[in-house]
Amino acid sequence: MRTIKLGTSGLDVPVVAVGCMRINSLEKKEAERFVQASLEQGANFFDHADIYGGGACEEIFADAIHMNDSVRENIILQSKCGIRPAKGMFDFSKEHILASVDGILSRLRTDYLDVLLLHRPDTLVEPEEVAEAFDQLASSGKVRHFGVSNQHPMQIQLLQKYVKQPLVANQLQLSITNATMISSGFNVNMANESAVNRDGGILDFCRLHDITIQPWSPFQYGFFEGVFLGSDKFPELNEVIDEIAAKYEVSATTIAMAWLLRHPARMQPVTGTTNVERLTDCIKASRVELTREEWYAIFRAAGNVLP
Ligand SMILES: NC(=O)c1ccc[n+]([C@@H]2O[C@H](COP(=O)([O-])OP(=O)(O)OC[C@H]3O[C@@H](n4cnc5c(N)ncnc54)[C@H](OP(=O)(O)O)[C@@H]3O)[C@@H](O)[C@H]2O)c1
């Protein structure tokens, strides 16, 4: 699969990351098959979080991949911390970050993470404490690179003022049908709903600062409401995607993924599929280059507004 640099980390990563949030829906054998099929196709970047399946997803993954030192050398592991669902809060305290990483490493059966992301902003963050936690994790070799998720530019700048390691990735909700970070940039200063800037200009900020955007839920509309492909809620979008898919002789899944990859911000979408065939279709997108006309036709067909 085609690779990109992850932010300023120097790491070469496949353009499509494999999200492991739903891996606990698979039986043991299915999980093994899914992980092996990913590796065979060069999809060796796996996205986790300490909260997925309450920690079970990381354990299921480690079992499925038969984690050992030689397996570990050939994969890139990213996980996230900072959400505490049981307590109904976010937590970027030093103590919580350090404890979370120890939990992640033990569930993944490894002694280091390639990338650690802070999962969702914590308004009670003390950035000096995050800096201490990151220093400790970096010097102990437990974490090689750091990033964030769901953060706007000011939140990133606040952290980066104290944290000396570069923040290399920002994982954000983005799909053809959840594209406010793109549409607000078309409608600057216009008196319409699409002009509403919900993220402080995160798309351009990340490009300016070489932070890789990792779109999450690339096939969902709303907040996990469902998949837009094949949905009767998006007839025009499906018609346009199907037409383009027929032209390239690929599936609609490949085209929806190719739409994200066509953006010059050089994003790394995180797929959520647990289905080998769908994963293969996502990976195929790295070989499809949509034209400018096709990219805009898909954008408009989803109901996104151009001035
Ligand atoms: N940072 C964050 O806050 C955050 C939040 C959410 C998720 N994430 C990460 O992003 C990853 C992806 O999120 P996601 O799982 O919501 O992404 P997604 O790929 O948009 O959705 C995956 C789900 O949609 C189904 N699906 C996809 N395409 C389909 C199609 N053409 N027809 C029918 N069903 C289809 C999949 O079913 P099948 O398994 O059957 O294919 C799966 O249940 C997660 O694994 C996680 O790593 C991060």
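Criteria and cut-off values
- Residues numbered from 1 in each chain as written.
- Predicted model: local features only at pLDDT ≥ 70, side-chain atom pairs only at ≥ 80, totals over all residues.
- Heavy atoms only, no water.
- Helix = DSSP H or I, 4+ residues; strand = E, 2+ residues; numbered from the N terminus.
- Near = heavy atom within 4 Å.
- Polar contact = N/O pair within 3.5 Å; in protein donor to acceptor, adjacent residues only side chain to side chain.
- Areas by Shrake-Rupley, 256 points an atom, 1.4 Å probe, with all protein chains shown as cover.
- Nonpolar A, V, L, I, M, F, W, Y, C, P; charged D, E, K, R; others polar.
- Pairing = 2+ DSSP bridges.
- Contact = heavy atoms within 4.5 Å.
- Axes fitted to C-alpha atoms, helices over the stretch in contact; angles between N-to-C directions.
- Phe/Tyr/Trp six-rings, centres within 6.5 Å; stacked < 30°, edge-to-face > 60°.
- Buried < 20%, exposed > 50% of the residue type's maximum accessible area, 1.4 Å probe, protein only.

Time to look at unusual backbone geometry. Of note in this structure, H66 is not a glycine but carries a positive phi near 55°. Following the sequence through the fold, H66 ends up in the loop between α2 (56-64) and α3 (69-73). Positioned with a positive phi, F224 is a non-glycine residue whose angle comes to about 60°. Locating F224 in the fold gives a position in the loop between β12 (220-221) and β13 (226-227).

Before going further, it helps to examine the site of the ligand. Residues in contact with the ligand amount to 27 residues; listed here are only the nearest, R22, D47, S217, T273 and R278. Contact distances for the ligand include 2.7 Å between an oxygen atom and a backbone N or O atom of F219. A distance of 2.9 Å is found between an oxygen atom of the ligand and a side-chain nitrogen or oxygen belonging to Q220. Within the complex, the protein chains bury 86% of what would otherwise be the 900 Å² of accessible surface of the ligand. Grouping the constituent residues of the shell around the ligand by class yields 10 nonpolar, 13 polar and four charged.

Okay, the sheet that holds strand β11 (residues 212-216) next. The eight strands lie next to each other as β11-β10-β9-β8-β5-β4-β3-β14, forming an open sheet whose pairing is parallel. A strand with exactly one partner marks an edge of an open sheet, and here the two such strands are β11 and β14 (270-271). In this fold helix α5 (residues 127-139) packs onto β8 (113-118), β9 (143-149) and β10 (167-173), with an angle of close to 150° to the strand it touches most, β9.

Within the structure shown, the criterion is met by 13 aromatic pairs. Centre to centre, the rings of F46 and F61 are 4.7 Å apart; their planes meet at 55°, and the pair counts as tilted. Residue F46 is located in strand β4 (residues 45-47), and its partner F61 is located in helix α2; the two are separated by 15 residues in the primary sequence. Look at F219 and F228: their rings are 6.5 Å apart centre to centre, the planes differ by 35°, and that puts the pair in the tilted class. With respect to burial, F219 and F228 carry one shared label: buried.

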